[in-house]
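Coordinate inspection notes
Residue strings, one per chain:
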Amino acid sequence: MEHQQTRTSAVMDAIRQRIARRALVPGDRLPSIRQFARTMQVSPFTVVQAYDRLAAEGGIVSRQGAGFYVTGRDLPPLSLADATTPAARAIDPFWVSRQSLDSDPEVLKPGCGWLPADWMPNEALRRAFRAVARGDNTILSDYGSTRGALRLRRLLTSRFAVEGMEISPDQVVLTGSGTQAVDLICRLLLRRGDTVLVDDPCYFNFQALLRAHEIRIVGVPYTAFGPDIEAFEQIVLQEKPRLYITNSALHNPTGATLSPPTAFRLLSAATALGLLIVEDDIFADFETAPSPRLAVMDGLEHVIRIGSFSKTLSASVRCGYIAARKELIEGLVDLQVATSFGGPSPVITEVIADVLEGGSYRKHMLEIQRRLEKSRKTVTHRLGSLGISPWTVPKAGFYLWCRLPDGQDSTDIALRSMADKIIHAPGNVFSVSQSAASFMRFNVTQCEDERIFRSLGAILAKTIPCSSM
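These numbers were taken from a predicted model, which means no experiment stands behind them. (Residues numbered from 1 in each chain as written. Predicted model: local features only at pLDDT ≥ 70, side-chain atom pairs only at ≥ 80, totals over all residues. Heavy atoms only, no water.)

1. Examining the packing of helix 2 (residues 33-40) against helix 3 (residues 44-57)
Where helix 2 contacts helix 3, the two axes come as close as 8 Å, and the packing angle between them is 110°. Relative to helix 3, the element helix 2 is oriented roughly perpendicular. Across from Ile-33, Phe-36 and Ala-37 in helix 2, the residues of helix 3 making contact are Pro-44, Val-47, Val-48 and Tyr-51. In the contact of helix 2 with helix 3, the residues fall into seven nonpolar, no polar and no charged. (Axes fitted to C-alpha atoms, helices over the stretch in contact; angles between N-to-C directions. Helix = DSSP H or I, 4+ residues; strand = E, 2+ residues; numbered from the N terminus. Parallel < 35°, antiparallel > 145°, perpendicular 65-115°, else oblique. Contact = heavy atoms within 4.5 Å. Nonpolar A, V, L, I, M, F, W, Y, C, P; charged D, E, K, R; others polar.)

2. Some thoughts on the pairing of strand 7 (residues 243-247)
For strand 7, the tally of buried residues reaches five of five residues, placing the bulk of the element in the interior. Of the two faces of strand 7, the one holding Leu-243, Ile-245 and Asn-247 and the one holding Tyr-244 and Thr-246 are both buried throughout. Here strand 4 (residues 195-200) runs beside strand 7; their pairing, made up of three bridges, is parallel. Its bridge partner lying in strand 7, Val-196 is registered against Leu-243. Alignment of strand 7 against strand 8 (residues 276-280), held across five bridges, turns out to be parallel. (Buried < 20%, exposed > 50% of the residue type's maximum accessible area, 1.4 Å probe, protein only. Pairing = 2+ DSSP bridges.)

3. Description of helix 15 (residues 360-384)
Its 25 residues place the ends of helix 15 36 Å apart at the C-alpha level, agreeing with the 36 Å of an ideal helix rising 1.5 Å per residue. Within helix 15 the residues assigned to the buried category are Tyr-361, His-364, Met-365, Ile-368, Gln-369, Leu-372, Ser-375, Arg-376, Val-379 and Leu-383. Where helix 15 is buried, its residues meet helix 7 (150-163), helix 14 (346-357), strand 12 (399-403), strand 14 (439-443) and helix 17 (450-462). (Expected span 1.5 Å × (residues − 1).)

4. Considerations on the sheet that holds strand 6 (residues 226-227)
Hydrogen bonds between backbone atoms are what pair the strands of a sheet, whose relative direction is either parallel or antiparallel. Sheet architecture is open: eight strands sit in the order 3-10-9-8-7-4-5-6, paired in mixed fashion. Each edge of the sheet is formed by a strand with only one pairing partner; in this case those strands are strand 3 (172-175) and strand 6. Contacts from helix 10 (residues 229-239) reach strand 4, strand 5 (216-223), strand 6 and strand 7 within the one sheet, and its direction differs from that of strand 5 by about 165°. Its contacts with the sheet put helix 13 (residues 326-340) on strand 3, strand 9 (303-308) and strand 10 (320-323), and the angle it makes with strand 3 is roughly 25°.

5. Here's the deal with the packing of aromatic side chains
Applying the stated criterion to the full structure yields 16 aromatic pairs. Ring geometry for Phe-160 against Tyr-321: centres 5.7 Å apart, planes inclined by 55°, an arrangement best described as tilted. With Phe-160 in helix 7 and Tyr-321 in strand 10, this residue pair connects regions lying 161 residues apart in the sequence. Note on accessibility: Phe-160 and Tyr-321 belong to one class, buried. With 5.7 Å between their ring centres and 75° between their planes, Phe-283 and Tyr-399 make a pair best called edge-to-face. Taken as a pair, Phe-283 in the loop between strand 8 and helix 12 (294-298) and Tyr-399 in strand 12 lie far apart in primary sequence, 116 residues in all. Residues Phe-283 and Tyr-399 agree in their burial class; the two are buried. An aromatic cluster of at least three residues, connected via ring pairs, comprises Tyr-203, Phe-204, Phe-206, Trp-401, Phe-430 and Phe-439. Taking the ring centre of Tyr-69 as reference, the NZ or CZ of Arg-63 above it sits at 3.9 Å. A cation sits over an aromatic face here: Arg-371 above Trp-119, 4.0 Å from the ring centre. (Phe/Tyr/Trp six-rings, centres within 6.5 Å; stacked < 30°, edge-to-face > 60°. Lys NZ or Arg CZ within 6 Å of the ring centre and 35° of its normal.)

6. As for the nonpolar core
In this structure, Leu-152, Phe-232, Phe-286, Ile-352, Leu-383 and Phe-442 are the most contacted members of the largest nonpolar core, which totals 79 residues. Dropping the residues within four chain positions of it, Leu-152 is found in contact with Leu-174, Phe-309, Cys-319, Thr-349, Ile-352, Ala-353 and Leu-356. Ile-185, Cys-186, Leu-243 and Ile-329 belong to the second largest nonpolar core, which has 29 residues in total. (Core = buried A, V, L, I, M, F, W, Y, C linked by side-chain atoms within 4.5 Å.)

Spelled out as structure tokens, the structure:
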């Protein structure tokens, strides 16, 4: 009996910690009993006991036929850093990031979101650093300007013009990263308790950042051509979100690309309903042929465009950007002064500008596109031999959003894989509705080691399908 009470308490603590970190916020549905039992590696009866006790305390409430929901009663102070066991964090949006960023170098990371170091333009970066080191002393010692380096902003607007979006450099603010770009937008436009619409599934750090701002998150089902537009229109009318955050090209995690008809209907609906769209264009340069861009179609009236260089140049040389209406930019500049005292490091922006201006960047991206095409085919074939198949075939990029064999749970596989020093990205870290347990995201550039497929094969062979439990 004492052992049962200990396990029940562990489940209760895991839920309390998620609520404290705002991984669960008022109105959110708790994981299903069977799902959380698998995550915590306990019996469903233990989870039932834990949920019933939490409901008795008032922290969660049971809704007949709909599950358990967070009430928000006596909500503790925000806590994002409380460490728990890997099992307790397995479907937490922070989980993949923490495991991938903090792991030892020998750990394999098919679930991470960046290219291997030997894929990056390291020699071009070294040349750029040497050029900056020989340059003006002010670049090495001064703060960044409030909007960020004019040289890089001009380069960005020139690239936008090629796409058909004519804006001035004053409509661009450089940020410390793509994540900081989203953070500044949240600070400017959102208040605690506001609703934001995201894709389901979506990039897990969108969820993590919105949780940190104590924002209510609503998901819209995502299809191979973009968001389900009928569901989008209905949800916007019902929920009245302040923002919609999405990837138009090479969607994370699915790899899908917004189709022209969906882009048109999406933008028309957002315009009619007064909804601002944040379009994360971080994967643009991986495309071999351009796809629709909401910011280009809209001219930044109802769309804010963000991006960064961490995927194509370096995750260490970090710099992001925001392109928006001038009145929004002014507020964002003030916020950047308040939170960072100016734009990103002049050293970083000069290095990035040097690489972008050099002829080597275009060659670098052409080579990356070639290597990615080969890797996608190879990894798709290897996964297929294990019964793991892509949900859609991406036109470019490095993600494969894959369906596992019937009855397999990606959270369970991710936890088991840690014993083999392999970090996977289970589907539910991307899913607001927690409906992606049978999916997993693979980074094809991080799947070159044979041990990944041996480990998956062994785990799949030993795992009892969920449907038989």
